[in-house]
Amino acid sequence: MLCLTAPSCSPSLPPRPSRPAADRPGPGISGGGNVRLSAVPAPSSLRWSWPRKAKSKFSVPVSAPRDYTMATAEDGVGDLPIYDLDPKFAGFKEHFSYRMKKYLDQKHSIEKHEGGLEEFSKGYLKFGINTENDATVYREWAPAAMDAQLIGDFNNWNGSGHRMTKDNYGVWSIRISHVNGKPAIPHNSKVKFRFHRGDGLWVDRVPAWIRYATFDASKFGAPYDGVHWDPPSGERYVFKHPRPRKPDAPRIYEAHVGMSGEKPEVSTYREFADNVLPRIKANNYNTVQLMAIMEHSYYASFGYHVTNFFAVSSRSGTPEDLKYLVDKAHSLGLRVLMDVVHSHASSNKTDGLNGYDVGQNTQESYFHTGERGYHKLWDSRLFNYANWEVLRFLLSNLRYWMDEFMFDGFRFDGVTSMLYNHHGINMSFAGSYKEYFGLDTDVDAVVYLMLANHLMHKLLPEATVVAEDVSGMPVLCRSVDEGGVGFDYRLAMAIPDRWIDYLKNKDDLEWSMSGIAHTLTNRRYTEKCIAYAESHDQSIVGDKTMAFLLMDKEMYTGMSDLQPASPTIDRGIALQKMIHFITMALGGDGYLNFMGNEFGHPEWIDFPREGNNWSYDKCRRQWSLADIDHLRYKYMNAFDQAMNALDDKFSFLSSSKQIVSDMNEEKKIIVFERGDLVFVFNFHPSKTYDGYKVGCDLPGKYKVALDSDALMFGGHGR
């Protein structure tokens, strides 16, 4: 693989070490370093001045400028700016008008009755346990409860003296005066909400808005207890560093704090901050995406079966420890996104939100009733997004993480499940607009997402909000004001599927260059997306990391640089670099990598569970593999650093100029331009080329900006 730049754009580069190709055996696949190129001006049939559209199979038009004029409920929402993006949208005006009107009506109701979205989203300052003047006040929405008490360490778990009162909206409350100037409920003490179900039974539940929850690690399967978290001022973490500015293109490092250490144990927020964040910075990423932050009682759920939405996962530390992590990231110039799960909730009753469902109607519950309230594949509960208190809960949840922990945005998990009444189950989206805009659409969920995105960008205009959506719903990533759902980016989820299909099912000569280019460019160019070759999904037990798919068992014996590389290792390292880089350069407007894959982490991820005797061996990151000088992992890590640095210098990820000019099936070559760079990828397993002519937009002599075959990246230096 070669990346070329015109002299006027070329940064100063260190001299490249060289070695005759004959000094080392040829690789299983050329990394592109042995493609000798003649850069020639494009013939008249292919020459253009940007932004004129190129006469090429794949070209990128400049995105239409956004019109931020807000539609109002009074104007009938009949002239939304999204209609200018795509003439086909006009056939679905009834759908767009309906959901926009529903959004505006809901927003107006909140403004009328709650003082606006910003006040409405401060629910965590009212609900749960808070200090108000000289008393501790606890509020809980539980309309189905017939009687209620607050219990805990502070009253020896006897609630007879702390009975609560219920208002007309189903909100229970109690006010407990301070004792000798101190809160009656001490900081870091256990509490629970005890209520009478109406069938003669009293049940104890973790408060829905609790900010910390712990369990007794000495007892197998012990449920979580709510913990009142209100440290004295001297113990509160105070942020020292401002948020970094929003980058033109996010280069995201996806990470799981618990499995981020090398030891077979759960790692902590402070360990991640001190040991892993410097690695992320050194590899030139500009954004960290943290998984599994919201409390989840089942560790192996990867954090996606949330039990306590406002609580920091206590396995890795306290809320103050997480604040330290975010602040440390900001000090390094790294923005921090959080995986937020508002698509469903854990079905746990004892320590989860589901415990508040005691068979009442859906208007008095967080969830839908009957089959509509259960996700049959995930074994979890589904929110009723039309419910007023559900909106308060979820919108306040977003604001809580942004305000209290200084997160710079979110990656919304399971958005496809939210968007449709069928939740994407057994659906194969073919791209027909009828699949997206019809009776299958869950308009209540869409309206919630519109409210959420409007709120987040109002509170923090530079917020980055990413949708995990496999359906490809149009205008998901257009602003709410235009008639879109309001996300900044969507994940390009088809890309890793293409790579896995090729690696598992096709020989190298069967790889289709046009198929690769089509997969990487098949997106709506008026909406931004994040490209990735592999994420955590591709590494979970039952599958393998891309490096392990390529090199498998030879990674145990063939990664020493003290011996010649086998054809399998040579091919594997070359393809690992090329696949990740072409995905980054051609696949989207941002890039994502999962922790450890930048250096070709071997094997797979397997959380401790009964099936593996509760082992942490595959639930950690072996950083030492990249640090040991005589192992070849260092080459993949160095190339990851270099490709991120290249975007720092040339900003090609944020460039709208993207043209694929050559897809040679016989020679297995893909050539494209992105920004001011020309990229040439040779995927042939054995052939190299001399004098290969490449048409390019800008005339002149080109220099090599990045070469995957360089010796410093484990190549052959040709």
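Anything mentioned here points back to the structure above.
Residues numbered from 1 in each chain as written. Predicted model: local features only at pLDDT ≥ 70, side-chain atom pairs only at ≥ 80, totals over all residues. Heavy atoms only, no water.

**Side note on the overall build of the chain**
Going by this rule: Helix and strand definitions here come from DSSP, where helices need a minimum of 4 consecutive H or I residues and strands a minimum of 2 consecutive E residues; each element is numbered from the N-terminal end. When a residue's accessible area, from a 1.4 Å probe over protein chains only, is under 20% of the maximum for its type it is buried; when over 50% it is exposed; and in between it is partly exposed. Contacts were defined at the residue level, with two residues in contact if any of their heavy atoms lie within 4.5 Å.
Regarding its fold elements, the chain presents 13 helices and 30 strands. Taking all 718 residues of the chain together, 60% fall into the buried category. A separation threshold of at least 6 residues defines the contact pool for the chain, and within that pool the share at least 24 residues apart is 74%.

**Notes on the packing of helix 4 (residues 319-331) against helix 5 (residues 388-405)**
Selection criterion: Note on definitions: angles span 0 to 180 degrees between N-to-C directions of axes, and those axes are lines fitted to C-alpha atoms, for helices only across the stretch in contact. Working definition: roughly parallel below 35 degrees, roughly antiparallel above 145 degrees, roughly perpendicular at 65 to 115 degrees, and oblique for all remaining angles. All residues other than Ala, Val, Leu, Ile, Met, Phe, Trp, Tyr, Cys, Pro, Asp, Glu, Lys and Arg, Gly among them, are scored as polar; the first ten of these are nonpolar and the last four charged.
At a closest axis distance of 10 Å, the pairing of helix 4 and helix 5 adopts a crossing angle of 70 degrees. Compared by their axis directions, helix 4 and helix 5 come out roughly perpendicular. Contacts between helix 4 and helix 5 pair Pro319, Leu322, Lys323 and Val326 from the former with Trp401, Glu404 and Phe405 from the latter. Looking at the contact of helix 4 with helix 5 residue by residue, the classes come out as five nonpolar, no polar and two charged.

**What about the environment of Glu510?**
The condition that has to hold: Polar contacts, as counted here, are pairs of nitrogen or oxygen atoms within 3.5 Å of one another; within protein the pair requires one atom able to donate a hydrogen and one able to accept it, and residues that are adjacent in sequence qualify only if both atoms are side-chain atoms.
Relative to the assigned elements, Glu510 resides in the loop between helix 8 (494-505) and helix 9 (513-521). For Glu510 and Glu665, which are 155 residues apart along the polypeptide, the C-alpha to C-alpha distance reads 9.2 Å. Leaving out residues up to four positions away in the same chain, Glu510 has contacts with Asn505 and Lys668. Reaching out from Glu510, the side chain makes a polar contact with the backbone nitrogen of Asp507 at a distance of 2.8 Å.

**A short note on the sheet that holds strand 22 (residues 464-467)**
Applicable threshold: For two strands to be treated as a pair, DSSP must find at least two bridges joining them.
Taken in spatial order, the eight strands line up as 13-14-17-21-22-23-24-25 and close into a barrel, and their pairing is parallel. Across the sheet, the mean angle from the axis of one strand to that of its neighbour is 30 degrees, orientation sign disregarded. When strand 13 (residues 251-256) meets strand 25 (residues 590-594), the two strands line up parallel, connected through four bridges. Considered in strand 25, the bridge of Tyr253 is made with Asn593.

**Re the pattern of salt bridges**
Put simply, the test is: Put simply, a salt bridge is a Lys or Arg side-chain nitrogen that is within 4 Å of an Asp or Glu carboxyl oxygen.
In this structure the tally under the stated criterion is 45 salt bridges. Here the residues in one salt-bridge network are Asp86, Asp469, Arg490, Arg524 and Glu527, joined through shared partners.

**A short note on the side chain of Asp488**
Within the fold, Asp488 resides in the loop between strand 22 and strand 23 (489-491). Of the residues examined, Asp488 reaches a relative accessible area of 16% and is grouped as buried. Only 2.8 Å separates the side chain of Asp488 from the side chain of His457, close enough to count as a polar contact. A polar contact is formed between the side chain of Asp488 and the backbone nitrogen of Val465, at a distance of 2.8 Å. Among all residues touching Asp488, those that are not within four sequence positions of it are Lys246, His457, Ala463, Thr464, Val465, Cys477 and Lys528.

**A closer look at the state of the cysteines**
Heads up, the rule is: To count as a disulfide, a pair of cysteine sulfur atoms needs to be within 2.5 Å.
According to the stated counting rule, one finds zero disulfides in the structure shown. The thiol sulfur of Cys477 is not disulfide-bonded, and the nearest other cysteine sulfur, from Cys529, lies at 8.3 Å. Residue Cys477 is classed as buried on the basis of its relative accessible area of 1%.

**Considering the sheet that holds strand 8 (residues 171-177)**
A sheet is described by the order of its strands in space; here four strands give the open sequence 4-5-8-7, paired in antiparallel fashion. Looking along the sheet, the strands with just one partner apiece sit at the ends: strand 4 (128-132) and strand 7 (165-166). Examined bridge by bridge, strand 7 and strand 8 share two bridges and lie antiparallel to one another. Each bridged residue has a counterpart across the sheet, and for Thr165 the counterpart in strand 8 is Ser173.

**Observations regarding the packing of aromatic side chains**
Keep this limit in mind: Note on ring pairs: Phe, Tyr and Trp rings are taken, using the six-membered ring of Trp, and paired if centres are within 6.5 Å. Classes follow the plane angle, with under 30 degrees stacked, over 60 edge-to-face and the rest tilted. As a reminder, the over-ring test applies to NZ of lysine and CZ of arginine, requiring each to be within 6 Å of the ring centre and within 35 degrees of the ring normal.
Scanning the entire structure with this criterion turns up 63 aromatic pairs. With a centroid separation of 4.7 Å and 55 degrees between ring planes, the pair formed by Phe96 and Phe437 is classed as tilted. Of the two residues, Phe96 sits in helix 1 (residues 93-114) while Phe437 sits in the loop between helix 6 (415-419) and helix 7 (443-459), which places them 341 residues apart along the sequence. The pair formed by Phe96 and Phe437 is uniform in burial state, with each residue classed as buried. Aromatic side chains Phe195 and Tyr356 sit 6.1 Å apart centroid to centroid with 15 degrees between the ring planes, which places their arrangement in the stacked category. Of the two residues, Phe195 is situated in strand 9 (residues 189-196) and Tyr356 in the loop between strand 18 (345-346) and strand 19 (374-375); the sequence distance between them amounts to 161 residues. Comparing Phe195 with Tyr356, the two get one shared label, buried. Note that Arg270 overlies the ring of Tyr324, its terminal NZ or CZ placed 4.3 Å from the centroid. The ring of Phe405 has Lys323 lying over it, and the distance from NZ or CZ to the ring centre is 5.4 Å.

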